[in-house]
Amino acid sequence: MKRLTPSFITLLLVLSSAIADAQDFKQAVSDFQKKYQSAENLRIRMSIDAFISKSMKQPFYQEKVTISKRGTAYHNRLSASEMVMNEKYIVVVDHSNKEIALGNRDLRTEKEFYNQVQFDLDSTLKFYDEAKFVGIVSGVSHFSIVQKKGDIEKIDLFFKQETGDLKQINYLYKSGNWVAISIDEFNVSPTFENTEFDETQFLKKEGRSWRPTVALAGYKVLKTN
């Protein structure tokens, strides 16, 4: 089973959120997509548990993910890696291999790239049947979506009735694998530390060279451009 990357998870959140009180699934997703894309600041925290099958109690893979955004700056964290993108640099830290990749960021080229691969909502929704309302338990609404094509057979979504916030997404793969993603935080008005999006968390510049910080002593620095 493929691991779920932060960018893929974010895309799924955009696709499947904000239907807790919706009669029109497509319209609800479209409304949320506009809200998500217009958010200047954002922080998503989630817990991922992957199981061999739905009947298994012990996950074979677990992950904690944090996705932070302030304007055009990003900081994505996983247990073994993290990535910072600010106005000047892209820094990817591989804690498993003790490597730090540093590259210059080109916002103009990046913007042109994202415009070319802009998410097509109408096209994506063709792969799904309409969301089926399953019921409400303890103030949480449950919806189920069956996927017509692809590796995922069914998606179950759970929303807090009081706020409409997404609480959990469960994925049942056609292979039998089952993945549960708990949304611990979805915040469009977060506050960040001053260094949240700063490369100096990981690197310090000495003359023309970059060195790892004391906390990351022994890491190899790789300049990518």
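A. Seen up close, the overall build of the protein. When its secondary structure is counted, the protein shows 4 helices and 14 strands. A burial count over the protein gives 41% of its 225 residues as buried. When contacts within the protein are restricted to residue pairs at least 6 apart in sequence, those whose partners lie at least 24 apart make up 45%. Within the structure as shown, the protein displays about 13500 Å² of accessible surface, and the carbon and sulfur contribution to it stands at 48%.

B. Main features of the environment of Val91. Positionally, Val91 belongs in strand β5 (residues 89–94). In this structure the C-alpha to C-alpha distance between Val91 and Leu222, which are 131 residues apart in sequence, comes to 9.8 Å. With residues near it in sequence (within four places) discarded, Val91 still touches Glu82, Met83, Val84, Ile100, Ala101, Leu102, Glu199, Phe202 and Leu203.

C. Broad picture of the sheet that holds strand β9 (residues 152–160). The 12 strands are arranged β7-β8-β9-β10-β11-β1-β2-β3-β4-β5-β6-β14 in an open sheet whose pairing can be described as mixed. On the outer flanks of this sheet lie β7 (132–137) and β14 (220–223), each paired with one strand and no other. Ignoring strand direction, the axes of neighbouring strands in this sheet form an average angle of 15°. Across 7 bridges, the pairing between strand β8 (residues 140–146) and β9 is antiparallel. Bridged to Val146 within β9 is Lys154.

D. Quick peek at the packing of aromatic side chains. Under the criterion given, the structure shown has 5 aromatic pairs. Judged by centre distance (5.4 Å) and plane angle (80°), the ring pair of Tyr89 and Trp210 falls under edge-to-face. Remark: Trp210 occurs in strand β13 (residues 209–212) and Tyr89 occurs in strand β5; sequence separation between them is 121 residues. Taken together, the ring pairs in this structure connect Phe133, Phe143 and Phe159 into an aromatic cluster.

E. Looking closely at the confidence of the model for the protein. For the protein, per-residue confidence averages 79 on the pLDDT scale, and 73% of positions sit at 70 or higher. Low pLDDT (under 50) marks residues 1–25, which in the prediction has 65 contacts with non-local residues, meaning those over four places away or in another chain.

Rules used throughout
Residues numbered from 1 in each chain as written. Predicted model: local features only at pLDDT ≥ 70, side-chain atom pairs only at ≥ 80, totals over all residues. Heavy atoms only, no water. Helix = DSSP H or I, 4+ residues; strand = E, 2+ residues; numbered from the N terminus. Buried < 20%, exposed > 50% of the residue type's maximum accessible area, 1.4 Å probe, protein only. Contact = heavy atoms within 4.5 Å. Areas by Shrake-Rupley, 256 points an atom, 1.4 Å probe, with all protein chains shown as cover. Pairing = 2+ DSSP bridges. Axes fitted to C-alpha atoms, helices over the stretch in contact; angles between N-to-C directions. Phe/Tyr/Trp six-rings, centres within 6.5 Å; stacked < 30°, edge-to-face > 60°. pLDDT = per-residue confidence, 0-100.

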